[in-house]
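The lines below spell out each chain.
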Amino acid sequence: MKKYLFLIFIIPAFVQAQKYNYTTIDSLDKSKFVNEHPYEVRDYAATPVRAKKAKNIIFLIGDGMGGSHVYAGLIANRGNLYLRTMPFSGFNKTNSSDKLITDSAAGATAFSAGVKTHNGAIGVDSADVPVRTILEMAEEKGLSSGLVSTSRITHATPASFIAHQPSRGMYDEIAADFLKTDIDVFIGGGRSNFDSLRKDGHSLLPELKAKGYEIITDVNALQDAKGDKIAGLVGEGHLKPVLLGRGDMLMQSTRLALKVLSRNENGFFLMVEGSQIDWGGHDNNVPYIVTEMLDFDQVIGEVLKFAAEDGETLVVVTADHETGGFAITGGSIEQGIVEGQFTTHSHTGVMVPVFAYGPGADLFTGIMENTDIFNKFIEALDW
Ligand code: MG
Ligand code: ZN
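Notes on the structure in this doc start here. (Residues numbered from 1 in each chain as written. Chains lettered and ligands numbered in written order. Predicted model: local features only at pLDDT ≥ 70, side-chain atom pairs only at ≥ 80, totals over all residues. Heavy atoms only, no water.)

## Let's talk about the coordination of the magnesium ion (ligand 1)
For the record, the criterion: The donor set covers N, O and S atoms within 2.8 Å of the metal, switching to 3.2 Å for Na, K and Ca, and it leaves out water, so a site may look short of donors. By the criteria applied, helices consist of DSSP H or I runs no shorter than four residues and strands consist of E runs no shorter than two, each listed in order from the N terminus. Each residue is placed in one exposure class: buried if its accessible area under a 1.4 Å probe, protein chains only, is under 20% of its type's maximum, exposed if it is over 50%, and partly exposed if it falls in between.
All of the protein donors around the magnesium ion (ligand 1) are Asp63 (OD), Thr157 (OG1) and Glu273 (OE); their distances to the metal are 2.0 to 2.2 Å. All donor residues of the magnesium ion (ligand 1) come from one chain, and their arrangement in sequence is D-x93-T-x115-E. Of this pair, Asp63 sits in the loop between strand 4 (56-62) and helix 2 (67-76) while Glu273 sits in strand 10 (residues 268-274), and the two are 210 residues apart along the sequence. For the residue pair Asp63 and Glu273, the accessibility class agrees, reading buried in each case.

Spelled out as structure tokens, the structure:
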């Protein structure tokens, strides 16, 4: 990530925003980004699908990724993204059970379990009763499962697929819920919710080891992992933004997850989150949004390559909500320049895009409820 090194000198402040524990970056000009290094987009999704029903599902969530965020990435990459190659698309309505404007916990629980619930809810319904998630269903049916995130792995989006807690801030309790499942791979930050830095001082790492997990704490060790079960706790808290040197952590993590999960002949469910697109929106920061968007899109490309070779993998990309009320107010596709403005530091209520490729992808068109994503997964899997 040499190309962004210069930014480290003009971005001295790096603070955690309190309310939802996200990162902000104080750069000199948050309203404009110029992308000097566009990447080539290959058309993996042009490969015809071989199966009628999906054996594997790879679900990619761009947290806070509205239409403007996608288009900002497309402008910055000189008019192309892997997202553009996906043949089916639609919109999802993001409202939660109690609010027009959802948070990421209710948003992810809608995806993971097909229920609208209250903001802050992690894998529980609006009465705080635990709901069975698609990850848990996959495990029960003998499939493998995985979660990959650039935030704490205990943060709202990944947590809602595996944990059952009434409040998203219960990180230590959420971490303990990982041990109640048979998840095969989880990679992200949040090591301090698993080790002796927990509030109760009780490290869960020996229990993870006893359950057969290879515990990885260094991003650079991901590519050498050998285990069939991986606990990748590669940051104490959240991972850094791309702009502050995260490198290709999301790509390495996704590659490892695909390598491990695809060993199961019964198939797998994998959720990969581009967590920090949301934080760029909260921070009203165009460079933060665009760099996270391009990082996420390149991982989508890697996933599409896998799915095209495999032929039985459904790939769905969407967002839990839009963040920032982000509008593109200027720029240039030819020069990869994006200029933007914002209406809020919070989430908004607009519909967000859905993209799909693979067996069952044709189900993901038109305007759907966020809960329909779960129902369509079940249909595509023929469960
Ligand atoms: Mg998230
Ligand atoms: Zn957010």
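Moving on from the coordinates now.
## Points about unusual backbone geometry
Non-glycine residue Arg78 carries a positive phi angle of around 60°. Tracing the chain through its elements places Arg78 in the loop between helix 2 and strand 5 (88-93). In this model, Asn284 sits at a positive phi of 50°, which is unusual for a non-glycine residue. Considering the arrangement of structural elements, one finds Asn284 in the loop between helix 9 (277-282) and helix 10 (286-310).

## Quick notes on the nonpolar core
A general tendency of soluble globular proteins is for nonpolar side chains to be buried together. Threshold: In these notes, a set of buried Ala, Val, Leu, Ile, Met, Phe, Trp, Tyr and Cys residues joined through side-chain atoms within 4.5 Å is what counts as a nonpolar core. Pairs of residues are marked as contacts when any of their non-hydrogen atoms sit within 4.5 Å.
In terms of nonpolar packing, the biggest core is built from 59 residues, with Leu60, Leu83 and Val317 touching the most fellow members. Of all the secondary-structure elements, those providing two or more residues to this core are strand 4, helix 2, strand 7 (185-189), helix 8 (249-261), strand 10, helix 10, strand 11 (313-318) and strand 16 (352-357). When residues in this core are grouped by element, the largest group, 13 residues, is from helix 10. Discounting residues that sit within four places of it in the chain, Val317 has contacts with Leu60, Met65, Leu83, Met86, Phe296, Ile300, Pro353, Val354 and Phe355.

## As for the sheet that holds strand 7
We count it as follows: Two strands qualify as a pair provided that DSSP identifies no fewer than 2 bridges between them. In this description, a line fitted to the C-alpha atoms serves as the axis of each element, helices being fitted only across the stretch in contact, and the angle between N-to-C directions of two axes falls anywhere from 0 to 180 degrees.
Spatially, 10 strands are ordered 8-9-7-6-10-4-11-16-5-17 in an open sheet, and the strand pairing comes out mixed. Looking at the sheet topology across the chains shown, the edges are occupied by strand 8 (214-216) and strand 17 (366-369). Between one strand axis and the next, the sheet turns through 15° on average, direction left out of account. With six bridges joining them, strand 6 (residues 144-152) and strand 10 adopt parallel strand pairing. Considered in strand 10, the bridge of Ser145 is made with Phe269. Strand contacts of helix 10: strand 4, strand 10, strand 11 and strand 16, with the helix running at about 170° to strand 4, the strand carrying the most contacts.

## Digging into the pattern of salt bridges
Pairing is possible between side chains of opposite charge, provided their charged atoms come close. Keep this limit in mind: Definition used for salt bridges: Asp or Glu carboxyl oxygen within 4 Å of a side-chain nitrogen of Lys or Arg.
Counting across every chain of the model gives 14 salt bridges. Notably, a salt bridge pairs Glu369 with Lys116, separated by 2.9 Å at the nearest N-O pair. Of this pair, Glu369 sits in strand 17 while Lys116 is found in the loop between helix 3 (104-113) and helix 4 (134-140), placing the two residues 253 residues apart along the sequence. Of the residues examined, Lys116 reaches a relative accessible area of 23% and is grouped as partly exposed. Arg255 is the partner of Glu302 in a salt bridge, and the nearest nitrogen-oxygen pair spans 2.9 Å. Linking Glu302 in helix 10 with Arg255 in helix 8, this pair joins segments that are 47 residues apart in sequence. With relative accessibility at 38%, the residue Arg255 sits in the partly exposed group. Here the salt bridges do not stand alone but share partners, grouping Lys93, Lys116 and Glu369 into one network.

Limitation: the analysis is restricted to geometry and does not speak to function.
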